[in-house]
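Inside the fold
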Amino acid sequence: MNEQYISEAEHFGTPNLVTFAICGNGDYVCFDYRHNPITDNPKVVLVYHDDFVDYEDGSSHMVINHVADSFEEFMEMLHE
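Report follows, based on the coordinates.

How each quantity is defined
- Residues numbered from 1 in each chain as written.
- Predicted model: local features only at pLDDT ≥ 70, side-chain atom pairs only at ≥ 80, totals over all residues.
- Heavy atoms only, no water.
- Phe/Tyr/Trp six-rings, centres within 6.5 Å; stacked < 30°, edge-to-face > 60°.
- Helix = DSSP H or I, 4+ residues; strand = E, 2+ residues; numbered from the N terminus.
- Buried < 20%, exposed > 50% of the residue type's maximum accessible area, 1.4 Å probe, protein only.
- Patch = residues over 30% accessible without salt bridge, like charges linked within 9 Å, V, L, I, M, F, W, Y side chains within 5 Å.
- Areas by Shrake-Rupley, 256 points an atom, 1.4 Å probe, with all protein chains shown as cover.
- Salt bridge = Lys/Arg side-chain N within 4 Å of Asp/Glu carboxyl O.
- Lys, Arg positive; Asp, Glu negative; His and termini not counted.
- Charge placed at Lys NZ, Arg CZ, Asp CG, Glu CD.
- Pairing = 2+ DSSP bridges.
- Axes fitted to C-alpha atoms, helices over the stretch in contact; angles between N-to-C directions.

**Some thoughts on the packing of aromatic side chains**
Per the counting criterion, the structure on display carries five aromatic pairs. Judged by centre distance (5.8 Å) and plane angle (85 degrees), the rings of Phe20 and Phe74 are edge-to-face. Of this pair, Phe20 sits in strand 1 (residues 17-22) while Phe74 sits in helix 1 (residues 71-78), and the two are 54 residues apart along the sequence. For Phe20, a relative accessible area of 31% puts it in the partly exposed group. Site record: aromatic cluster; members linked through ring pairs are Phe20, Phe31, Phe71 and Phe74.

**What about a negative patch on the surface?**
A cluster of acidic residues, Asp69, Glu72, Glu73 and Glu76, forms a negative patch at the surface. Turning to its location among the elements, Asp69 is positioned in the loop between strand 4 (60-68) and helix 1.

**A closer look at the pairing of strand 2 (residues 28-32)**
In terms of burial, strand 2 is largely enclosed, as five of its five residues are buried. Going residue by residue along strand 2, you find Tyr28, Cys30 and Asp32 tucked away on one face and Val29 and Phe31 tucked away on the opposite face as well. Relative to strand 2, strand 1 runs antiparallel, the two sharing five bridges. Across the sheet, the residue bridging to Ile22 is Tyr28, located in strand 2. Between strand 1 and strand 2, which pair antiparallel and follow one another directly, the connecting turn spans five residues, one of which, Gly26, has a positive phi of 100 degrees.

**Comments concerning the pattern of salt bridges**
Close approach of charged atoms allows side chains of opposite charge to pair. Tallied over the full model, the rule gives one salt bridge. Its salt-bridge partner being Asp32, residue Arg34 comes within 2.7 Å of it at the nearest N-O pair. Using a relative accessible area of 33% as the deciding quantity, one classes Arg34 as partly exposed. A relative accessible area of 7% places Asp32 in the buried class.

**Quick notes on the sheet that holds strand 1**
Strand pairing in a sheet is mediated by backbone hydrogen bonds. Such pairs are either parallel or antiparallel. On the basis of which strands lie adjacent, the open sheet formed by four strands has the order 1-2-3-4 and antiparallel pairing. Looking at strand neighbours, the two that pair on one side only are strand 1 and strand 4, the edges of this open sheet. Between one strand axis and the next, the sheet turns through 40 degrees on average, direction left out of account. Sheet analysis places strand 3 (residues 43-54) next to strand 4, joined by seven bridges and oriented antiparallel. Looking at strand 4, one finds that Asp54 is bridged to Ser60.

Honestly, it's all geometry; don't read function into it.
Structure below.
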């Protein structure tokens with residue numbers, strides 16, 4: 001999976017996620033604009049590149065886990 005597809009549903013992505021880092025195992029660290037696409041303070045989420053949620057309609061997307069409520073909070077976590 002190429003990080004350019006993280007927001008494209010046809011590639012199992014989720015719209016309004018912007019990748020800013022990739023973990024050593026291939027997971028993505030993203031800004032989450034899903035609930036507010038115009039915010040200047042998005043949440044930070046971890047997107048598992050190899051774990052998917054499948055829906056009854058046949059669609060699926062990568063599993064998304066909340067990490068921090070802001071980039072500042074995320075950076076503070078790195079120093080704890």
